[in-house]
Amino acid sequence: CLRSNNRGAFIMSSLVLLDTFYGSFGNTIKTTGIDDRFTHHRVILKQGATGNNNGLNCFVTKSGTIQTDTNYRYAGLNQYNGSVRMRNNQSDDEWRIWNNTEESNNRSRGMAIFIADLYGFASSSCYSYLIVRGQFQSNDLFSYNLPIWAGVHTVVSASDGFAIRRNSGNEMRGELSLYGVK
């Protein structure tokens, strides 16, 4: 990764693996290990499957516990609501990455590939910010781009991890990796 130092020069960045979850585990998978060694963290989800008629939601963790309070803002992509595919804020108790409710066919299964950049998570004096981009691909080969969107968890305390959870159903699965960005 290259980033500018605002003086016309570019600086090389590297990812330091902090935690990886691979496999399936109920409706939730999470990674922890965020601390103040890094101000920027990155989460990458590969092959994340949710099954029929499900959405995928993101959360911060504090002391390893998923926060399900009502302090999540500015997030959401509603793939299909029964009549149109659109972008939409979902609720204030999660960051919703996609929602396929009411589309009970092949399209409602999915494989997610996304990257989330996390800012302020390790700080005990600011909010936790998230910028996400990626792609959803259904079993019948329809692809949907996940536009870049941002979210904020409006609690001023350090977050130590990131979690994803299905709305309901059998198992959430995939590979979720957490990195510190140098």
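Computed from a predicted model, the values in this text were never measured in an experiment.

Calculation rules
- Residues numbered from 1 in each chain as written.
- Predicted model: local features only at pLDDT ≥ 70, side-chain atom pairs only at ≥ 80, totals over all residues.
- Heavy atoms only, no water.
- Core = buried A, V, L, I, M, F, W, Y, C linked by side-chain atoms within 4.5 Å.
- Buried < 20%, exposed > 50% of the residue type's maximum accessible area, 1.4 Å probe, protein only.
- Helix = DSSP H or I, 4+ residues; strand = E, 2+ residues; numbered from the N terminus.
- Patch = residues over 30% accessible without salt bridge, like charges linked within 9 Å, V, L, I, M, F, W, Y side chains within 5 Å.
- Areas by Shrake-Rupley, 256 points an atom, 1.4 Å probe, with all protein chains shown as cover.
- Salt bridge = Lys/Arg side-chain N within 4 Å of Asp/Glu carboxyl O.
- Phe/Tyr/Trp six-rings, centres within 6.5 Å; stacked < 30°, edge-to-face > 60°.
- Contact = heavy atoms within 4.5 Å.
- Pairing = 2+ DSSP bridges.
- pLDDT = per-residue confidence, 0-100.

### Side note on the nonpolar core
In terms of nonpolar packing, the biggest core is built from 25 residues, with Trp95, Phe114, Ala116, Leu118, Leu130, Phe162 and Ile164 touching the most fellow members. Looking at this core, the elements with two or more residues in it are β5 (40–49), β6 (55–62), β10 (111–119), β11 (128–137), β13 (161–166) and β14 (173–181). In terms of residue count, the dominant contributor to this core is β6 (4 residues).

### A look at a nonpolar patch on the surface
The grouping of Tyr119, Tyr127, Tyr129, Ile131, Ile148 and Val156 at the surface amounts to a nonpolar patch, some 540 Å² of accessible area in total. Residue placement: Tyr127 occurs in the loop between β10 and β11. For Tyr127, a relative accessible area of 32% corresponds to the partly exposed category.

### Comments concerning the environment of Ser125
Relative to the elements of secondary structure, Ser125 occurs in the loop between β10 and β11. In this structure Ser125 comes out as exposed when scored by relative accessible area, which is 60%.

### Some points on the packing of aromatic side chains
Under the criterion given, the structure shown has 2 aromatic pairs. Between Tyr127 and Tyr129, the aromatic rings sit 6.4 Å apart at their centres with planes inclined by 50°, giving tilted as the arrangement. Overall, Tyr129 belongs to the partly exposed group, its relative accessible area being 40%.

### A look at the environment of Phe114
Tracing the sequence through the fold places Phe114 in strand β10. Expressed as a C-alpha distance, the spacing of Phe114 and Leu45, which sit 69 residues apart in the sequence, is 5.4 Å.

### Focus: the side chain of His41
By the element assignment, His41 lies in strand β5. Under the relative-accessibility criterion, His41 is labelled buried at 1%. With sequence-adjacent residues up to four places away left out, His41 is seen in contact with Leu18, Ile34, Asp35, Ala116, Asp117, Leu118, Ala122, Leu178, Tyr179, Gly180 and Val181.

### Focus on the pairing of β5
By the criterion of burial, β5 is predominantly enclosed, with 8 of the 10 residues buried. The pairing of β5 with β14 spans 7 bridges and is classified as antiparallel. Bridging from a neighbouring strand, His41 pairs with Gly180 of β14.

### Considerations on the pairing of β13
Where burial is concerned, most of β13 is hidden: 5 out of the 6 residues are buried. Note: strand β4 (residues 28–32) against β13, 5 bridges, orientation antiparallel. Across the sheet, Ile29 pairs through a bridge with Ile164, a residue of β13.

### Quick word on the pattern of salt bridges
Between side chains of opposite charge, pairing is possible as soon as their charged atoms come close. Counted according to the given criterion, the structure contains 4 salt bridges. Here Arg42 makes a salt bridge to Asp117, at a shortest N to O gap of 2.8 Å. Highlighted residues: Arg42 in strand β5 and Asp117 in strand β10, separated in sequence by 75 residues. Notably, a salt bridge pairs Glu175 with Lys46, separated by 3.6 Å at the nearest N-O pair. Note that Glu175 is positioned in strand β14 and Lys46 in strand β5, a separation of 129 residues in sequence. Through salt bridges with shared partners, a single ionic network connects Arg42, Asp117 and Arg133.

### Observations regarding unusual backbone geometry
For Ser63, which is not glycine, the phi dihedral falls at a positive 55°. Examined against the element boundaries, Ser63 turns out to sit in the loop between β6 and β7 (65–66). Since its relative accessible area comes to 73%, Ser63 is described here as exposed.

### A look at the confidence of the model for the protein chain
Residues with a pLDDT of 70 or more make up 63% of the protein chain, whose mean pLDDT is 76. Least confident of the elements in the protein chain is strand β1 (residues 2–4), whose mean pLDDT is 48; most confident is β7, at 92.

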